[in-house]
Every structure is written in structure tokens, then in C-alpha cells.
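Analysis of the macromolecular model
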Amino acid sequence: MSDNEIVLNYHNSLLRKSDVDLLRNPHWLNDRLIGFWFEYLENSLLDESVCLVCPEVSQFIKLGELSETSAFVDPLNLHSRSLVLLPVNDSVLLDHPGGSHWSLLVYDCFAKKYYHFDSLIGSNLNHAKKIAYNLNLSNKIVEVRCTQQQNSFDCGVFVCCNAENVMKHCSVNKGELKSVSPLSIDVFKNQRNHMLQVISTLSCNC
Amino acid sequence: MAALKRTLLNDEGQIQVRFVTKQEKYALPEAPFSIPSGIKADSLSVLVNNLLRETHESGWDEVDFDFLVCGEFVRLPLIEHLKLKDINTEVTVEVEYLERFPAPEPEDSLNHDDWVSASHCFKDWILTGCYDNTLHIWKTDGTHKSTIPGHCGPIKGVRWIEVTGSTATFASVSHDQTVMLWKMNLETYAIECVHIGRGHERSIECVDVDKNSSFLATGGWDNMLKIWSATSDSNSTNEIDDGEKEKGCSIGSGKSLRRTPLMTLPGHKEAISSVVWTENNEIFSSSWDHTIKLWDAELGGLKSEIVGNKSFFCISRSPLNQTLITASADRHIRLYDARSQEGSIVKATFTSHVGWVSTVCWSTTHERLFVSGGHDNILKLWDSRSPKAPLYDMTGHEGKILCADWSNPSIIISGATDNTLKIFKSEV
């Protein structure tokens, strides 16, 4: 199979072999993998009050002109949502993917606050603040004491695990995200295999 | 008989069936019948009623029947059902009929001031736990008997322990990390908190009491399963709990006695969402770590484990056949038989909810019936022989269902994010 060959066509996500290979080796997860995982989580939850924003739109919210972002942001109806999850990238490029670190920004409507899950705490805060400011849902952002990554390439994995944990947490609780238990490191270690299994199962059903 | 057969013959294909039943009072002679292949369950019910009317000269009241072919309820035209189950239509097909379980009826809606996150029924007493940190005592006729403050955080689990004579004891667990044991006078409704259990290091999500009303098991976000005494006797060696200030709220009145866990069982890697005692002094615990663990409560060890691939939100164990049903972070309810050699294999999957399922509860009187509540605001009544469709959808809630209970066979209760506890009347 060539690198360009399509492995999975899932709703708005298209995964090629080159994307899926990033899961098999200790590589950084790219936009497409995180975007696919967010879409997969959204489709399994089927809850309209929860919004998972894909990496491209999140980046645009961060860097785009405020007047331009409304075209992307308004249809998301973020003010009506109970929970909004945004992947944060430290790239300063608007027109193509890049960057070296992912983190997760969450807006909780019950607390009326943003919560930032950064596996290298402190690294992405300014980028998260930029998104938070541009969306203007709240002026409070809390840096959550979450599990920290132990290598240089798993930040994307942490975003995926933390997103799912936040969704489960908020499905049975009314916010209280600052007291979310930090996930054990085993959860993060299993995540790449878990995603590969999901992709494999979904591609068999096509 | 001959006249009846003639009216059924038409241009449609025919199938030979033999009607059988386990319900003696509805017995029919087992002679085969020729029926239209496209017949549906409601017409079959009319047919069976007609046959029964013919054998009862003194009159016959219509009964609603349901039909099973090869262990599954007939919900499609018979020929479609047979095709799906890959059954040979050239030979006589055995069709089992049984009286349909009647639809539960909405009876009451009990208003709270916040999400109803925990509920438990014992005889005609209902205990609810609310997100505004209060407990409530109600009667099944809907009357509110007491509001009990005390906890400093949302209440996630409640359990009646014992009701004897004029005293009732019950337990509540909360995000404030405590297990509170309460005693109530059934005549005066005087309530006191007799013990405060401290030991969990994070919010507690669930509680269950053992079959002898002697022990409690709790689990929560610190991933530890803890066992506590459930007796309300005062022990002079226990220290008085002087309460702890938590954001301006002090737990305890200074008269409650502090308790620590009798045992702590580590093992789960993520939050424990549900605990169930068995009659053999074992505990099942379900977790977001995708496992259900079976523990020996006496020796304090792990006996066995079921591994799934989704976080478990709730489990319920049937007191009649010991199978487990689970609610998970997806829309499917799964049935496991922990006793079998292949415990981790899903025996049946029940799919109907649109969105995650948050709670499941077996009937205590019917070994095939259970209820489930989900994020689609619907409470569903299932027969385990019908995995593709529930028997009934009980609508009414305007928010996600967080808890459900069927401990009292005559009522089904469910609590939701719409701040209500709804009561449905059920056939016993």
C-alpha cells in the first residue's frame, strides 16, 4: 500500500496510510488524526450540547482576523453549548499545518470558565489564551494540573485522551473540571493501539 | 377450525406454524396451522385470541400476546423474521406465545432544585440524592417527607440499608469525598447523621450495601474500592467527627462519629462508576478503565475480571439469573455472564438508545426484564430476548437520565438533569 492510499473515509475525515503510520511509530499526531478522533468522539456521543472543534478551525480562530472568524464560528453556536473542546497548536502559520506542541482547551458553560489541559504545563498557555480571547465565551482560564507527558512526541495522544476523559466526566457531572482526576500513564500508553483498533474496525465496516 | 383456515388462505405465501406456550392457562392444541407468511405480531395475537375463544365456551377476554421465534421477539412480518434468523420455511415453525408485559404508566414527577443524580426505592420509601447537596425522602405516592442537608457536594449515590420497626438507616456518598450513614425515625421523621466515613481521596461515585445490611462498598475518582461497616451502633472507640471546613460549609454537627474504611482494594486504573454486592460476599465493580472486576470481600482479593473496550458507566446484576448488564460510553447495553468460562464475551447487545447509556437496572421479579436510561432522555424497558428493540420507551424526561431503580417491582423510578424524579407504575 502506498503512503497516499486512503485507509479510512469517515464522515469529514480522510485518513491515508501516511497518517495512520504516525500512530504506529513514536511520531507526533497530525491535524488529520486529531480531527478524525474528535469526529469519532462526537459521533459516538451524539449530544448536541457538546462541540468538538477540529484543529483547522481552532487554528483559524487563533490566528484569523476577528471579522473573518465569525463566518466559521457562528455556525458552531458555541454560546448554546454546554461543553466546547478545542485542540491548541503552537504553530503561528495559518495556511498549512505545523507546530511542535498540542494541548486541549475546554470551555465549560456551567462554570463559565475555560480549562487548559497541557501535558507540558506552561508551554501552550499563550496560544490557548489567544483562542479563548477570540471566542470570548469567558475571561477566566484555569491551567489544570493534569498528567504530564514523559517523552517529546506524545502531546497529540494526550489531547485525544484528555478530550475523551473530559467528555465522560461532563456526561455524568456538572462541570467541576478543575477536579478531574489526572489520568494514569497507562491510559496514554494504550491510546495509540486503541486508535489503531478503532480505525481498523471502522475501515472494515465500509 | 376449518372455517378459520379458509379465511386465512389468500394469494400470499403460507407458512406452517405450531403454537406453543409456557403459560398453561393459554394452552392450545398443538396442531399445525397454515398462516400468511407476511403476518405481523398484532395479527398473530388476534389469531391466537380467536383460537382460545373457540376453546372457551363461557367467553374469552382479549389478551395481548407477544411471539417468540428462535428466542427472539417477532417484530417484523413473520417471513422477514424467519429470513433474518435463517430458518427453513418449508417445515413447520415453532412459534412461542406469551402474554405481553403491559406498558409501565407514568404516575408522578417529583421536583427537585437541581439534577437528581441518585435514587433508591425500598418498599414505599424513595430516597433521592440531588446536585444541590441535599438528600430527600419521599413516599411512593409522591409525598415529600424530608429534605436532608449535610453534604458539601453533589450526592452521587444513595442506598437504603435497613428498615426495621420504626427506624430506617441509609447511606449517601458525595463529591465531598464522604460516606454518610443516616438514621431516621419513621414516625417523627427525625433524622441524624450517625457516621461520617472518611478515606476516599476524591469524589465518591457509587455505593451498595451487602445482602445482610452489614457492609457498604464505595468507589469513585480515586480508583479505590473501599468497604465500610454499615451498622449504626455507636462504638466508643470511634472519635467524634469535628467536621471539616470546606469552602465555608462544615460537614457534621459535631455529634457524628467518624469512620474509616475496613478495607481498601486498589486495582482499577480509572474512576469506579458502579458497585454491586452479590449474595456470596463478593463485589462487582465497574470502571472507566474498561473493566469490571469481581472481588472477594472477605479475603480482599481480585477473583476475576471482564475486559471490554468502552468505559463502563453502570452495571446491574440480576438476582434471578446472576447475569450482568452494562451501560457504557456508547449507545449499546451489553449482557455478560460472569460465571461462564468465557466471562468477557458479550452474550447479547441491546441497541436502541441514541447517545450514551448512563444507567441500567434489572427487574427483581422477572428474569428477562430490565430498564435503561440514557442521554437521549428516554427510559427504556427491555426483554433480554429482544436485543434489537425495547418493549417500551418511557418518555417524559427533558434532560439526560442519570439514575434509575426498579428495586420495588411495582414502580420504576428515574432521575435526570431536568431536576425531576419520575415514577412509572409497573406490573409486578
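These numbers were taken from a predicted model, which means no experiment stands behind them.

Digging into the overall build of chain A
Secondary structure summary: chain A contains seven helices and seven strands in total. Listing each helix as α and each strand as β along chain A from the N terminus yields β-β-α-α-β-α-α-β-β-β-α-β-α-α. Taken along its principal axes, the extent of the C-alpha atoms in chain A is 50 × 40 × 30 Å. Looking at the 206 residues of chain A, the share that counts as buried comes to 54%. When contacts within chain A are restricted to residue pairs at least 6 apart in sequence, those whose partners lie at least 24 apart make up 63%. Roughly 9500 Å² of accessible area belongs to chain A as shown, and the carbon and sulfur atoms make up 51% of that amount. Here chain A holds 17 positive side-chain charges and 22 negative ones, and the gap between their average locations is 7 Å.

Concerning the packing of aromatic side chains
All names here are of chain B. Summed over the entire model, instances satisfying the criterion amount to 28 aromatic pairs over all chains. Taking the centre distance of 5.3 Å and the plane angle of 70 degrees together, the rings of W362 and F370 count as edge-to-face. By relative accessible area, which is 0% here, F370 ends up buried. Through a chain of ring-to-ring contacts, three or more aromatic side chains come together here, namely F19, Y26, F33, W60, F65, F67 and Y97. Above the ring of W125, the side-chain terminus of K139 is found at 3.8 Å from the ring centroid.

As for the sheet that holds strand β13 (residues 179-185) of chain B
Residue and element names in this part refer to chain B. Read across the open sheet, the five strands follow the order β11-β12-β13-β14-β20; overall the sheet is mixed. Of all strands in the sheet, those with a lone pairing partner are β11 (155-164) and β20 (257-259), marking the two edges. The average undirected angle you get between the axes of adjacent strands in this sheet is 25 degrees. In this sheet, β20 lies alongside strand β14 (residues 191-197) in parallel orientation, the contact comprising three bridges. When the sheet's bridge partners are listed, H195 is paired in β20 with L257.

Let's talk about the packing of helix α2 (residues 31-45) of chain A against helix α6 (residues 155-172) of chain A
The geometry of a pair of packed helices is captured by two quantities: the angle between their axes and the separation between those axes. Residue and element names in this part refer to chain A. Packing of α2 against α6 leaves a shortest axis separation of 10 Å and a crossing angle of 15 degrees. The orientation of α2 relative to α6 falls into the category roughly parallel. The chirality of how α2 crosses α6 is right-handed. Between α2 and α6, the residues in contact are I34, W37, F38, L41 and L45 and G156, V159, C160, A163, E164 and M167, respectively. Residues that form the contact of α2 with α6 fall into these classes: nine nonpolar, one polar and one charged.

Remarks on helix α2 (residues 41-55) of chain B
The terminal C-alpha atoms of α2 of chain B lie 21 Å apart, and with 15 residues this matches the ideal 21 Å at 1.5 Å per residue to within 8%. All of the buried residues along α2 of chain B are A41, L44, S45, L47, V48, N49, L51 and L52 of chain B.

Some words on the packing of helix α3 (residues 55-63) of chain A against helix α5 (residues 125-135) of chain A
All names here are of chain A. Running from N to C, α3 and α5 point in directions that differ by 80 degrees, and their axes come no closer than 8 Å. Viewed along their axes, α3 and α5 adopt a mutual orientation that is roughly perpendicular. Side by side, α3 and α5 meet where S58, I61 and K62 of the first sit next to H127, K130, I131, N134 and L135 of the second.

So, the interface of chain A and chain B
How large an interface is tends to be reported as the accessible area lost when its parts come together. Counting residues at the interface gives 25 residues for chain A and 24 residues for chain B. Summed over both sides, the interface of chain A with chain B buries roughly 2100 Å², with 54% coming from carbon and sulfur. When the buried surface of chain A facing chain B is broken down by residue, K168, V172 and K174 of chain A rank first, second and third, together holding 27% of it. Here chain A is connected to chain B by two salt bridges. Close ionic contact of E270 of chain B with K168 of chain A constitutes a salt bridge, the shortest N to O distance being 3.9 Å.

Focus on the nonpolar core
Judged by nonpolar contacts, the single largest core of 53 residues is most densely connected at F36, L85 and V106 of chain A. In terms of residues, this core owes the most to one element, α6 of chain A, which gives 11 residues. Those residues in contact with F36 of chain A that lie beyond four places of it in its chain are L8, Y10, S13, L15, V198, I199 and L202 of chain A. Counting residues in each nonpolar core, the second largest holds 26 residues, with F19, V48, V74 and V95 of chain B among its members.

Concerning the environment of V179 of chain B
Residue and element names in this part refer to chain B. By the secondary structure assignment, V179 is in strand β13. For V179, a relative accessible area of 5% corresponds to the buried category. Separated by 107 residues in the primary sequence, V179 and S286 have C-alpha atoms spaced 19 Å apart. If sequence neighbours within four positions are ignored, V179 has contacts with S172, V173, H195, I196, G197, I204, L216, T218 and W228.

Thoughts on the UniProt feature "domain: NLE" (unreviewed entry) in chain B
The positions that UniProt labels "domain: NLE" (unreviewed entry) are, in the present scheme, residues 15-82 of chain B. Within the segment residues 15-82 of chain B, helix and strand shares are 29% and 25% respectively, and the terminal C-alpha atoms sit 10 Å apart.

Regarding unusual backbone geometry
Only a minority of non-glycine residues have a phi that is not negative, and only a minority of peptide bonds are not trans. All names here are of chain B. Notably, N133 is not glycine yet its phi reads approximately 75 degrees, a positive angle. Residue position: N133 is located in the loop between β8 (125-130) and β9 (135-139). Residue N133 is classed as partly exposed on the basis of its relative accessible area, which comes to 21%. For Y189, which is not a glycine, the phi torsion comes out positive at approximately 60 degrees. Within the secondary structure layout, Y189 lies in the loop between β13 and β14.

Overview of the pattern of salt bridges
A complete count under the given rule lists 23 salt bridges over all chains for this structure. Linking K17 of chain A and D3 of chain A is a salt bridge whose minimum nitrogen-to-oxygen distance equals 4.0 Å. Of this pair, K17 of chain A sits in helix α1 (residues 17-24) while D3 of chain A sits in the segment before β1 (6-10); the two residues are 14 residues apart in sequence, bridging distant segments of the chain. A relative accessible area of 22% means that K17 of chain A is categorised as partly exposed. Residue D3 of chain A is classed as partly exposed on the basis of its relative accessible area, which comes to 46%. The salt bridge involving E72 of chain B is made with K388 of chain B; its shortest N-O contact spans 3.5 Å. One end of the pair, E72 of chain B, is in strand β4 (residues 72-73); the other, K388 of chain B, is in the loop between β32 (379-383) and β33 (392-394), with 316 residues separating them in the sequence. Given the relative accessible area of 16%, E72 of chain B is considered buried. Assessed through its relative accessible area of 61%, K388 of chain B is described here as exposed. A single network of salt bridges, built from pairs that share partners, joins D3, K17, D21 and R24 of chain A.

Conventions used here
Residues numbered from 1 in each chain as written. Chains lettered and ligands numbered in written order. Predicted model: local features only at pLDDT ≥ 70, side-chain atom pairs only at ≥ 80, totals over all residues. Heavy atoms only, no water. Helix = DSSP H or I, 4+ residues; strand = E, 2+ residues; numbered from the N terminus. Buried < 20%, exposed > 50% of the residue type's maximum accessible area, 1.4 Å probe, protein only. Contact = heavy atoms within 4.5 Å. Areas by Shrake-Rupley, 256 points an atom, 1.4 Å probe, with all protein chains shown as cover. Lys, Arg positive; Asp, Glu negative; His and termini not counted. Charge placed at Lys NZ, Arg CZ, Asp CG, Glu CD. Phe/Tyr/Trp six-rings, centres within 6.5 Å; stacked < 30°, edge-to-face > 60°. Lys NZ or Arg CZ within 6 Å of the ring centre and 35° of its normal. Pairing = 2+ DSSP bridges. Axes fitted to C-alpha atoms, helices over the stretch in contact; angles between N-to-C directions. Parallel < 35°, antiparallel > 145°, perpendicular 65-115°, else oblique. Left-handed = near helix turned anticlockwise from the far one by under 90°. Nonpolar A, V, L, I, M, F, W, Y, C, P; charged D, E, K, R; others polar. Expected span 1.5 Å × (residues − 1). Buried area = accessible area lost by both parts, 1.4 Å probe. Salt bridge = Lys/Arg side-chain N within 4 Å of Asp/Glu carboxyl O. Core = buried A, V, L, I, M, F, W, Y, C linked by side-chain atoms within 4.5 Å. UniProt positions renumbered as here; feature names shortened; annotations may be inferred.

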